[in-house]
Amino acid sequence: MLSHYIKFSFRALRRQGGYVAINVLGLAVGMACALVIALFIMHELSYDQHHEHKDRIYRVGLHGIFSGQEVRAAYTASPMGAAMMADMPEVENFLRINVWDETIIQRDDDFFIEQGLVEADDTFFDFFSVELLRGNKETALAEPYSLVLSESSAKRLFGDEDPMNQSLRVGNMPNHYRVTGVMADMPETSHLSAKMLASFVTNQRATDDNWLSNSFFTYVMLYPETDPVTVTERFEDLIVKYVGPQVRQILGITIEDFIAQGNTYNYFLQPLTGIHLDPTVGQFNHQPSDPRYFWIFGSIGLLILVIASINFMNLSTAHATKRAKEVGVKKVIGSSKGMLIWQFVVETVVLSAIALILAILITEITLPYFNNLLSLHLSLSFFTDWRVIPSLLLLVLLVGFFAGSYPAFYLSSFNPETVLKGRTGNGKQNTGLRKALTVMQFAISIILITGSVIMYKQLNYMLNKDVGFNTENLLVIRQAQALGNQIHSFKTEAQNIPGVAYVSASTAVPGRNNNNNGYIIRGREEESFLMQTNWVDYDFLDTYGIQVAEGRFFDPDLLTDQQAVVLNQSAVINYQLDDPFATRIVSPGDQENIMPVIGVLEDFHFESARSNIAPYVMRFKNEDINWGYVSIRIEPGMMPRVVEETERLWASFTSNDPLMYFFMDEDFNRFYREERQNAQLSVLFTLLAILIASLGLYGLTAFSLQQRTREIGIRKTFGAGIANIWYLFCKDVLILVAIATVLAWPLIYWVAGNWLQNYHFRISMQPADFFLGFVISLLIALSTISYRVVRAASMNPSISLRYE
């Protein structure tokens, strides 16, 4: 029976000519968009799903509020895991991770820059399902200065040589590491990107008992059937037992009094499979995805399919008169309404299947572009993922039934007596429904256009916002510790390079913060004040162009300034420092060092514009602090020469270590990589939605002109010009777009308003943003139909009047 319907469906489709091609193309483009979006969402949801014990593994995070400043991050203290395992019977094992920045690896006289070196406990392979190709997983990371290489890193460092037991110099560590294993490359869908594993016991803080220094990632594995809520409830006792005594030692108050003052100090468990999908947790080693964008792009994909399906409904019902006689004959010879409905639905499913084949070809051709845009490796894996083929078949059926259901019921309802006598009408019977569906298409298009405009305006605002310092012509050298105690000498030599304006050394730079420390303010000892900390030299302000709001910066002629601090305006405002220059800051670890405030800086962005500017403190960088960054302010037009001379100077100071550097303007913009990608995707999918809607409008216009050819000839005979006929057809489009606009504006206002709430610094929506969506939709609609209308209006009336 089904083969019978399919055979007749192909015959019917062959007879229907051009409008079928429009339907197929529209459905194919819509399906291709949906496929790409589905591949992207499936890729994001697959993170960390490959690990054997994924349902029992959790990462421990810290959630605290200190004097109004909230911290929600994945960093914990070194003894955290061992204490949980000792005090909580639900915890089976623990793992500590310390992620390094870019690191120089030296083998003999060869240097390599490695991004992805991770210090890990010897339980690493119990937590992460990564095959150890060489070595013993029980002992590979058990000894200090042990190193496990990924397969690709081993190939890059040693070629075809056996890497086992070879020695490598890692960064500036005093001893060489010994290669004790080779593991398979970690999959792309892992939140932890580790290309080298160094033994955690090598870290001098591996046995640290400081509970207030949170610098490491801690993972715990719970016993089977354990409820994580039970573990979470035990954190309060753990905090009282371990954190409480150290809080009392530093602040002089109990942990209960500390919390009673409005502060918060607690831990939480983050499921392994949820790490990639939780942007609310701070983690510098991995950029999580915001699930809200899955809903946004999933909705866009669905809306594009709806537009393509509406095209099918509109064109099918508009061309119904051409199939009326066919329906009448079939009913006369015994076909029931149900049989006809099935025939028309199967036709649509067949059409949907043809469109899917074309959509797959479009997807395969365009995937390289999307992979380049998203920095991913998406692919249509028909046989490696069992979900793909069933999902494609389901897509064909859903689109077929959705797009073909109404035309099937409408076509099968024709009265055979009426249609066989030739009274089939002129296709206007369902004009109201077609107009309603067209309004829906326009409304969707206006929503997508307006949303893309607002998204791009927000992105442009963030990229061009005054961040409070000069990001241009600024070269930043990483791994300043490679200079050892020669940082000052290197600065002096670099200052003499032609084209160099200023040189500064610091432990942090905007966009790369590494110390969020708690402080005490004299007179308010019972409170703790959290501030991002940067140790800087005398030249930092001139190098970065940061402005002083009050007071002064560190003065080389005043030795006492080396024991002072400089705050930003946010610290003064948030911590209610009425007289900042009478304020004395104390570091909990060195309460003998009382630091006066000598200056207040204008606020500058040291993080993304998504978040508010937090309190920031600058302390003086003494010679014994020999790590961090060296920043070089370069005169315009001198960048290539300065970079070349800096590389030569660096080599002379570091025995040919590679120079690792970045440009501040490019690096700072990495905060907005996700926004830039999403804005580009939004515009692309919007254009495709407009293309599909335009195809449908073009087909409807062609059919309408065909039906009204004699009317046009009559109007021209009575003196109507081309402009009059153009206006006759276009005024209907104007009315439809206006109605669609009224429907679309409230929805996009609500959606865009909620989306903008994610950004502390954001644009305000303007009437012009919404009016632009209306204008663009109207112009596209008018340009789509104008050619066909003008062409029909230009036809000789003598020909038009003879048209049947």
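Going by the structure above, here's the rest.
Each value, and the rule that gives it
Residues numbered from 1 in each chain as written. Predicted model: local features only at pLDDT ≥ 70, side-chain atom pairs only at ≥ 80, totals over all residues. Heavy atoms only, no water. Helix = DSSP H or I, 4+ residues; strand = E, 2+ residues; numbered from the N terminus. Buried < 20%, exposed > 50% of the residue type's maximum accessible area, 1.4 Å probe, protein only. Contact = heavy atoms within 4.5 Å. Areas by Shrake-Rupley, 256 points an atom, 1.4 Å probe, with all protein chains shown as cover. Axes fitted to C-alpha atoms, helices over the stretch in contact; angles between N-to-C directions. Parallel < 35°, antiparallel > 145°, perpendicular 65-115°, else oblique. Left-handed = near helix turned anticlockwise from the far one by under 90°. Phe/Tyr/Trp six-rings, centres within 6.5 Å; stacked < 30°, edge-to-face > 60°. Salt bridge = Lys/Arg side-chain N within 4 Å of Asp/Glu carboxyl O.

Quick word on the overall build of the protein chain
Item 1. Of regular secondary structure, the protein chain possesses 23 helices and 24 strands.
Item 2. By the burial criterion, 54% of the 804 residues in the protein chain qualify as buried.
Item 3. Across the protein chain, every contact between residues at least 6 apart in sequence was considered, and the portion connecting residues at least 24 apart equals 80%.
Item 4. Summed over its atoms, the accessible surface of the protein chain is roughly 35700 Å², and 56% of this surface lies on carbon and sulfur atoms.

What about the side chain of Gln 532?
Item 1. With respect to the helices and strands, the residue Gln 532 is situated in strand β17 (residues 529-536).
Item 2. Judged by relative accessible area, which is 10%, Gln 532 ranks as buried.
Item 3. Beyond its immediate chain neighbours, meaning those up to four positions away, Gln 532 contacts Asn 513, Asn 514, Asn 515, Asn 516, Phe 606, Glu 607, Pro 615, Tyr 616 and Val 617.

Considering the packing of helix α20 (residues 709-717) against helix α21 (residues 722-756)
When two helices pack together, their arrangement is given by the angle between the helix axes and by the axis-to-axis distance.
Item 1. Orientation of α20 relative to α21, taken along the N-to-C sense of each, is 140°, at an axis distance of 10 Å. By the criterion of interaxial angle, the relationship of α20 to α21 is oblique. Both α20 and α21 take part in a crossing whose hand is right-handed. Of the residues in α21, those touching α20 at Glu 711, Ile 712, Arg 715 and Lys 716 are Ile 725, Leu 728 and Phe 729.

Some points on the packing of aromatic side chains
Item 1. Evaluation of the coordinates by the stated rule reveals 34 aromatic pairs.
Item 2. Ring centres of Phe 540 and Tyr 544 lie 4.6 Å apart, and the angle between their planes is 25°; this geometry places the pair in the stacked category. Pair noted here: Phe 540 and Tyr 544 are both in helix α15 (residues 540-544), with a separation of four residues, about one helical turn. The two residues Phe 540 and Tyr 544 agree in class, both being buried.
Item 3. Ring centres of Phe 554 and Phe 620 lie 5.9 Å apart, and the angle between their planes is 70°; this geometry places the pair in the edge-to-face category. With Phe 554 in the loop between β18 (548-551) and β19 (565-568) and Phe 620 in strand β22 (residues 616-620), this residue pair connects regions lying 66 residues apart in the sequence.
Item 4. Here Phe 620 falls in the buried class, since its relative accessible area comes to 8%.

Topic: the pattern of salt bridges
Item 1. Per the counting criterion, the structure on display carries 22 salt bridges.
Item 2. A salt bridge links Arg 56 to Glu 92, with the nearest nitrogen and oxygen atoms 2.7 Å apart. Linking Arg 56 in the loop between α2 (18-45) and β1 (57-66) with Glu 92 in strand β3 (residues 91-99), this pair joins segments that are 36 residues apart in sequence.
Item 3. Classification of Glu 92 as partly exposed rests on a relative accessible area of 28%.
Item 4. Among the ionic pairs, Lys 491 bridges to Asp 537, the shortest N-O distance being 2.6 Å. Placement of the pair is Lys 491 in helix α14 (residues 487-495) and Asp 537 in the loop between β17 and α15, with a sequence separation of 46 residues. Each member of the pair, Lys 491 together with Asp 537, is buried.
Item 5. Via salt bridges that share partners, Asp 101, Arg 512, Asp 667 and Arg 670 belong to a single interconnected network.

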